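Chain and residue survey
Given next are the chains, with one letter for each unit.
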Amino acid sequence: MEIISRGFRGKQRSDDRLPPGQYLTEDFPVLSAGPTPHVPLDRWEFTIDTEADQVHRWNWQEFTALPYETPTVDIHCVTTWSKLDTSWQGISLDVLFENVDSAAEFALIHSYGGYTTNLPVEDLLDGKAWIVYRYDGEELAPQHGGPARLLVPHLYFWKSAKWVRGIRLMDQDWPGFWETAGYHNYGDPWREQRYEGD
Ligand SMILES: Nc1nc2c(c(=O)[nH]1)N[C@H]1C(S)=C(S)[C@@H](COP(=O)(O)O)O[C@H]1N2
Ligand SMILES: [Mo]
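Residues numbered from 1 in each chain as written. Chains lettered and ligands numbered in written order. Predicted model: local features only at pLDDT ≥ 70, side-chain atom pairs only at ≥ 80, totals over all residues. Heavy atoms only, no water.

With respect to the pairing of strand 8 (residues 130-135)
For clarity, the threshold we go by: Burial classification: accessible surface area is computed with a 1.4 Å probe over protein chains only, and a residue below 20% of its type maximum counts as buried, one above 50% as exposed, and the rest as partly exposed. Secondary structure elements are defined from DSSP: runs of H or I of at least 4 residues count as helices, runs of E of at least 2 residues count as strands, and each element is numbered from the N terminus. Whether two strands pair comes down to DSSP finding at least two bridges between them.
Counting buried positions over the 6 residues of strand 8 gives 5, a clear majority of the element. As judged from the 3 bridges shared by strand 8 and strand 10 (residues 149-151), these two strands associate in the antiparallel manner. When the bridges of strand 10 are listed, valine 132 appears paired with arginine 149. As defined by bridge partners, strand 8 adjoins strand 9 (residues 138-139) across 2 bridges and the pair is classed as antiparallel. Across the sheet, arginine 134 pairs through a bridge with glutamate 139, a residue of strand 9. Between strand 8 and strand 9, which pair antiparallel one after the other, the connecting turn spans 2 residues, and aspartate 136 there sits at a positive phi close to 55°.

Topic: the environment of glycine 34
Along the chain, the position of glycine 34 falls in the loop between strand 1 (23-24) and strand 2 (45-49). As for glycine 34 and aspartate 188, which are separated by 154 residues in sequence, their C-alpha atoms are 24 Å apart.

Things to note about the side chain of histidine 76
Rule in force here: N or O atoms within 3.5 Å of each other form a polar contact, as long as, within protein, one can give a hydrogen and the other can take it, and as long as residues adjacent in sequence are counted only when both atoms are side-chain atoms. Pairs of residues are marked as contacts when any of their non-hydrogen atoms sit within 4.5 Å.
Tracing the backbone through its elements, the reader meets histidine 76 in strand 4 (residues 72-76). Residue class for histidine 76 comes out buried when judged on its relative accessible area of 3%. Only 2.7 Å separates the side chain of histidine 76 from the side chain of serine 82, close enough to count as a polar contact. Ignoring anything within four residues of it in the chain, the contact list for histidine 76 reads Arg17, Pro19, Gln22, Trp81, Ser82, Pro153, Leu155, Tyr156, Phe157 and Pro189.

Side note on the site of ligand 1
Going by this rule: Think of it this way: one heavy atom of a residue within 4 Å of a molecule or strand is enough to make that residue near it. Note on areas: these come from Shrake-Rupley sampling with a 1.4 Å probe, and a residue is covered only by the protein chains present in the view. Any residue outside Ala, Val, Leu, Ile, Met, Phe, Trp, Tyr, Cys, Pro, Asp, Glu, Lys and Arg is labelled polar, Gly included; the first ten of those are nonpolar and the last four are charged.
In the vicinity of ligand 1, 20 residues are found, and the nearest of them are Pro29, Ala33, His144, Arg149 and Lys162. Separating an oxygen atom of ligand 1 from a backbone N or O atom of proline 29 is a distance of 2.6 Å. For ligand 1, the accessible surface in isolation is 530 Å², of which the surrounding protein chains cover 97%. Partitioning the shell around ligand 1 into residue classes produces 13 nonpolar, 5 polar and 2 charged.

Below, the structure written as structure tokens:
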């Protein structure tokens, strides 16, 4: 079942959609800090762990049976490429958080292969983030994060963890892989928050 909720964005000049210091690219670069992990679908799972140690768990079948959306969004990598109108299919974090009882403010995303990234819980909610498993009408390719990745297009693309495995909800912020290595803790491309101190 598809939830149609993305409004028509109207005609906007493409340079109005380019954050400061970014250039447009037509291809889809691959940026991975390590090798591509291969996760068989019968062993894949996605979890949300709350600050009270309640674990919500979906296997692949359960996950892909959830109501999905097909967001078309612009993405912005901190290495200065941006790509407009990328089209995805996936589950809104609002759907995944429906039965999650939590007052935590911070989320640490973790991936198969060990990558992590942190962001405020509110940046995952209200139609701002998805766990996507299709890109441009096809299964999400392994090098782009398949079987499934986080998509948080309003933040620099390093926050969109590939090969996502779960979300840990926490009362305190905990920096992830690039955030520990000097990248900005929040990463808003419109405020050019590339590195710590920006
Ligand atoms: N698990 C994992 N997720 C990741 C990364 C990574 O190295 N490992 N790189 C991040 C960075 S820096 C970017 S720009 C995007 C790149 O996604 P792409 O390879 O699909 O373009 O993934 C992000 N998510
Ligand atoms: Mo990146």
